[in-house]
Amino acid sequence: MRISVFGLGYVGCVSAACLAGMGHEVIGVDVNRVKVDLVNAGKAPVVEERIGELIADVVRTGALRATDDVREAVLGSEVSLICVGTPSEPNGSLCTTYLERVAEQIGAVLAERGPDAPRHTVVFRSTMLPGTCLNLLVPILEKAVGGTAGVDFGVAVNPEFLREGTSVRDFFDPPKTVVGQLDEVSGDTVAALYESLPGEVFRVPVPTAEAIKYADNAFHGLKIGFANELGAVCQALGVDSHQVMDVFLADRKLNISPAYLRPGFAFGGSCLPKDLRSLVYAAQRADVSVPILSHVLPSNSDHLQRAVDLVERTGKRRVGLFGLSFKPGTDDLRESPLVELAERLFGKGYDLKIYDANVSLSRLLGANREYIENRLPHLAQLLADSVQEVLDYADVYLVGTRDPAVLAALPHGEGPVIVDLVRLPDAEARRTEPGYLGLAW
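Predicted model only: the values in this text are computed from it and were never measured.

(A) Spotlight on the pattern of salt bridges. Throughout the structure, instances matching the rule amount to 22 salt bridges. Between Asp183 and Arg119 there is a salt bridge whose closest N-O contact spans 2.7 Å. One end of the pair, Asp183, is in the loop between strand 7 (177-181) and helix 8 (184-193); the other, Arg119, is in the loop between helix 5 (97-112) and strand 5 (121-124), and 64 residues separate them in sequence. Asp183 sits in the buried class, given a relative accessible area of 16%. Residue Arg119 is classed as partly exposed on the basis of its relative accessible area of 27%. In this structure, Glu312 and Lys348 form a salt bridge, with 3.1 Å as the shortest nitrogen-oxygen distance. Of this pair, Glu312 sits in helix 13 (residues 296-314) while Lys348 sits in the loop between helix 14 (337-347) and strand 10 (351-355), placing them 36 residues apart in sequence. The structure contains a network of salt bridges with shared partners spanning Arg33, Asp37 and Asp68.

If you want it as structure tokens, here you go:
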């Protein structure tokens, strides 16, 4: 394909050179004449492993050239790949100035073309928050073009996953390829750019593609911060942190895996809360600051509060809670987030009715019984004997379990509000129904 790449920084320069290396005809575009001249001389405007040799090669063969003329680049290409910077503003917000400017410039050139001109696809590769493309950039393009995105021209979001220092290697061996498509044809065009590369291709809605890049980078930062904090605690306690992490990383079932990485309800139980408390306490005693670890439990509490807030927003007072134990299939109530949720709602004066097939007050023993008597002493009068009893009583159904009996009984369509804490198996269909509220989806 013929591709124009806007912005010749790290992402744009590497993308332009690598696409040219794959056989595409590429025009690099930048307002900085020095970068343009360097590329046309076969030299890289950035310092990066393998990029110098690659640019020299593709410029020599004519697969890559550069210009500062937007009109020339757009009219000479079928796809415009936008790789301009999105730096932080002083208040931490995202600066979209360069994105807006390029969208206006490309749109103005597309407006010059006649009705028989081949369809042009504008692809945003820059990192931007969900909603930026559809709510800000697409309207700019449509106004400049005088046409409709997805009809008169294509639009897609194609985030990059390139690490500085290994970006050329990462381009040719990507962890994944993400195509946020406004329409099927736009998605086909972008997917075709990378069809010879390995790795799974995900074609998703535009806002999803925008969010994926943030999910990746936030998690990468979180992992580094976690490892460093744990290392500092281990050092203070006289433990070899690398030995600890070697064993930690060897666990591919729970630690380095999809486990615990699906949005759901708050965590609880007899292990995680108490162990986090004791680890943070040990760090404090050793004068080690652990802001990430010390904020895990407050974050968990805030997430639980989101469920309370959803109930409050309904304006209804009679609440049915399905599920109470810490984990399905058990009667363990110790530090169960559902017990905490019931306690908060009861304390706010809500009329509660609770059903959990595994919880019977007469069967609770030892620490389990002591815990519930301290946290929710009125449990006996709140427990229901059947799913139907709760359904008949409540105006709001709080679903904290995937018990098949509960799932089968939940109504569809008009009726009581359903607050989903577990992402029900049919959540995608229910999201279009009135009264359905998902906790984090």
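Additional details are given in the paragraphs that follow.
(B) Quick look at the nonpolar core. In this structure, Phe322, Leu324, Leu341, Leu345, Ile354 and Leu398 are the most contacted members of the largest nonpolar core, which totals 45 residues. With 35 residues, the next largest nonpolar core counts Ile3, Val14, Ile55 and Tyr194 among its residues.

(C) Local environment of the packing of helix 1 (residues 10-21) against helix 3 (residues 51-61). Close contact between helix 1 and helix 3 brings their axes to 9 Å; oriented N to C, the two are set at 50°. Taken as axis vectors, helix 1 and helix 3 run oblique relative to one another. By crossing handedness, the relation of helix 1 to helix 3 is classed as left-handed. For the pair formed by helix 1 and helix 3, the contact residues are Cys13, Val14, Ala17, Cys18, Ala20 and Gly21 on the first element and Ile51, Leu54, Ile55 and Val58 on the second.

(D) Quick peek at helix 14. Counted residue by residue, helix 14 has eight buried out of eleven residues, so it is predominantly covered. At the C-terminal side of helix 14, Gly349 shows a positive phi close to 90°.

(E) Helix 8, seen in detail. Every buried residue of helix 8 is accounted for by Ser186, Gly187, Thr189, Val190, Ala191 and Leu193. The N-capping residue of helix 8, defined by a side-chain oxygen 3.2 Å from the backbone nitrogen of Val185, is Asp183.

(F) Molecular detail of the pairing of strand 11 (residues 396-399). Judged by which residues are buried, strand 11 turns out to be covered on both faces: Val396 and Leu398 on one side and Tyr397 and Val399 on the other are all buried. Here strand 9 (residues 318-322) pairs with strand 11 via four bridges, running parallel. For Gly320, the partnering residue across the bridge sits in strand 11 and is Tyr397. Bridge count between strand 11 and strand 12 (residues 417-420): four bridges; the pairing is parallel. Residue pairing in the sheet places Leu398 in a bridge with Val419 of strand 12. Crossover connection from strand 11 via helix 18 (residues 404-409) to parallel strand 12: handedness right-handed.

(G) Representation of the packing of helix 9 (residues 206-236) against helix 10 (residues 241-250). The contact between helix 9 and helix 10 brings their axes to 9 Å, and the two run at 130°. Comparing the axis directions of helix 9 and helix 10 gives the class oblique. Here the hand of the crossing between helix 9 and helix 10 comes out right-handed. Where helix 9 approaches helix 10, its residues Phe226, Leu230, Gly231 and Cys234 are matched on the opposing element by Ser241, Val244, Met245 and Phe248. When the residues that make up the contact of helix 9 with helix 10 are grouped by side-chain class, the tally is six nonpolar, two polar and no charged.

(H) Fine view of the packing of aromatic side chains. For the structure on display, the rule yields four aromatic pairs. Taken together, a centroid distance of 6.1 Å and an interplanar angle of 75° make the contact between Phe322 and Tyr397 edge-to-face. Placement of the pair is Phe322 in strand 9 and Tyr397 in strand 11, with a sequence separation of 75 residues. A single burial state applies to Phe322 and to Tyr397, both of which are buried. Here the aromatic residues Phe171, Phe172 and Tyr194 are joined through ring pairs into a cluster of three or more. Geometry around Tyr350 places Arg317 over its ring, the cationic atom sitting 3.9 Å from the centre. Arg318 extends its terminal NZ or CZ atom over the ring of Tyr393, reaching a point 4.2 Å from the ring centre.

Quick notes on the rules
- Every chain's residues receive numbers from 1 upward, in the order its sequence appears when written.
- Residues qualify for local features only when their pLDDT is at least 70, as the model is predicted, and side-chain atom pairs are given and counted only at 80 or more; totals for whole chains, interfaces and linings, by contrast, use all residues.
- Remark: hydrogens and water are excluded; side-chain values derive from all non-hydrogen atoms of the structure.
- The rule for a salt bridge is simple: a side-chain nitrogen of Lys or Arg has to be within 4 Å of a carboxyl oxygen of Asp or Glu.
- Only runs of H or I of at least four residues qualify as helices and only runs of E of at least two qualify as strands under DSSP, and these elements are numbered from the N terminus.
- Throughout this description, buried means an accessible area under 20% of the type-specific maximum (1.4 Å probe, protein chains only), exposed means over 50%, and partly exposed covers the range between.
- Nine residue types can take part in a nonpolar core, namely buried Ala, Val, Leu, Ile, Met, Phe, Trp, Tyr and Cys, and a core is a set of them joined through side-chain atoms within 4.5 Å.
- Fitted lines through C-alpha atoms give the axes, limited to the stretch in contact for helices. The angle between two N-to-C directions lies from 0 to 180 degrees.
- Just so you know how the angles are binned, under 35 degrees is roughly parallel, over 145 roughly antiparallel, 65 to 115 roughly perpendicular, and the rest oblique.
- Crossing handedness: left-handed means the near helix sits turned counterclockwise from the far one by under a right angle, and right-handed means the same turn made clockwise.
- Note on contacts: a residue pair qualifies if any of its non-hydrogen atoms lie within 4.5 Å across the two residues.
- The term polar contact refers here to a pair of N or O atoms within 3.5 Å; inside protein, the definition further demands a hydrogen-donor-capable atom paired with an acceptor-capable atom, and it admits residues adjacent in sequence only when both atoms are side-chain atoms.
- Should DSSP find at least two bridges between two strands, the strands are regarded as paired.
- With the strands aimed away from the viewer, a crossover counts as right-handed if its path from the first strand over the helix to the second runs clockwise.
- Note that Gly is not counted as nonpolar here; it falls among the polar residues with everything else outside the nonpolar set of Ala, Val, Leu, Ile, Met, Phe, Trp, Tyr, Cys and Pro and the charged set of Asp, Glu, Lys and Arg.
- Only Phe, Tyr and Trp rings take part, Trp by its six-membered ring, and two of them pair if their centres are within 6.5 Å. Stacked means planes under 30 degrees apart, edge-to-face means over 60, and tilted covers everything else.
- Placement of a charge over a ring requires the Lys NZ or Arg CZ to be within 6 Å of the ring centre, with the centre-to-atom vector within 35 degrees of the ring normal.

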